[in-house]
Amino acid sequence: MNTVIVAGFGAFEGVIDNPSAAIADALDGCVMGGLAVFGREMPVSYQRSIDVCRLWLASTQAVAIVGIGVAMSRDQVTVERTARLPKAAERMDVDGQVCAKVEPDSPLALRATMDVDRMADVLGAVIGDDAGDYVCNSWLYHAVHQFDVDVGFIHVPPNGLDTGKLLRALFELWGDDGGK
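A short tour of the structure in this document, coming up.

What counts and how
- Residues numbered from 1 in each chain as written.
- Predicted model: local features only at pLDDT ≥ 70, side-chain atom pairs only at ≥ 80, totals over all residues.
- Heavy atoms only, no water.
- Pairing = 2+ DSSP bridges.
- Helix = DSSP H or I, 4+ residues; strand = E, 2+ residues; numbered from the N terminus.
- Contact = heavy atoms within 4.5 Å.
- Axes fitted to C-alpha atoms, helices over the stretch in contact; angles between N-to-C directions.
- Buried < 20%, exposed > 50% of the residue type's maximum accessible area, 1.4 Å probe, protein only.
- Salt bridge = Lys/Arg side-chain N within 4 Å of Asp/Glu carboxyl O.

Considering the sheet that holds strand S1 (residues 2-9)
And step 1. Spatially, S2-S3-S1-S4-S9-S5-S8 is the arrangement adopted by the 7 strands of the open sheet, whose pairing is mixed. For this open sheet the edge positions go to strand S2 (31-32) and strand S8 (126-128), each flanked by a neighbour on one side alone.
And step 2. Relative to strand S4 (residues 64-70), S1 runs parallel, the two being bridged by 5 bridges. The residue bridging Ala 7 from the neighbouring strand is Gly 67, located in S4.
And step 3. Across the sheet, helix H5 (residues 163-174) lies against S1, S2, strand S3 (35-42), S4 and strand S9 (150-156), angled at about 125 degrees from S3, the strand it touches most.

Following this line, the structure appears as structure tokens:
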């Protein structure tokens, strides 16, 4: 059985009840045709979000990790294709930090390693090529760079997304021999 981690961001300034965390929580423990979902809330922290995901990957031996973040200004679900090289932002994370460390000569952009087109198709979502300039972008960049599993990221509007559709999309990508 394949395990997929769904990691939703928690509360941060201006967002007390983050729908991302609620989505991860709702899917935690779901099993569908050879796919088990491990849903967890991660902190809106440049460094700790990556650190906890690394621990979850090691303990679950998951084949993929999908991050979820809220985009307050959006009205549709967006599957992000690209993360840009993180740089210091004006907006601090919940730890008071402005950026996660990057190695010299790091690539200017990295692409999600999951099948973005297929995920977007099953969700009825749009595809984005800009994961923003806050922790979401940094998380996607560092996750793709550091984790040796399929990595993806989804931005949701304040009203979240249909968790049944997301479970189906996860199954399509990673359940029963890749959902095939």
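Things to note about the pairing of S9
A regular strand places its side chains on the two faces of the sheet in alternate fashion.
And step 1. A large share of S9 lies buried, amounting to 6 of its 7 residues.
And step 2. In this structure, S4 lies alongside S9, joined through 7 bridges in parallel fashion. Within the sheet, the bridge partner assigned to Gly 69 lies in S9 and is His 155.
And step 3. Here 3 bridges tie strand S5 (residues 78-80) to S9, and the two strands are oriented antiparallel to one another.

Things to note about unusual backbone geometry
And step 1. Notably, Gln 61 is not glycine yet its phi reads approximately 55 degrees, a positive angle.
And step 2. For Gln 61, the position within the fold is in the loop between helix H2 (48-60) and S4.
And step 3. Residue classification places Gln 61 among the exposed positions, given a relative accessible area of 67%.

Some words on the pattern of salt bridges
And step 1. Scanning the entire structure with this criterion turns up 9 salt bridges.
And step 2. Asp 28 is the partner of Arg 40 in a salt bridge, and the nearest nitrogen-oxygen pair spans 2.9 Å. Of this pair, Arg 40 sits in strand S3 while Asp 28 is found in the loop between helix H1 (19-27) and S2, placing the two residues 12 residues apart along the sequence.
And step 3. For Asp 28, a relative accessible area of 32% translates into the label partly exposed.
And step 4. Between Arg 81 and Asp 129 there is a salt bridge, with the nearest N and O atoms lying 3.5 Å from each other. Here the residue Arg 81 occupies a position in the loop between S5 and strand S6 (82-84), and Asp 129 occupies one in the loop between S8 and helix H4 (135-146), the gap between them amounting to 48 residues.
And step 5. Each member of the salt-bridge network shares a partner with another, and the members are Arg 81, Asp 117 and Asp 129.

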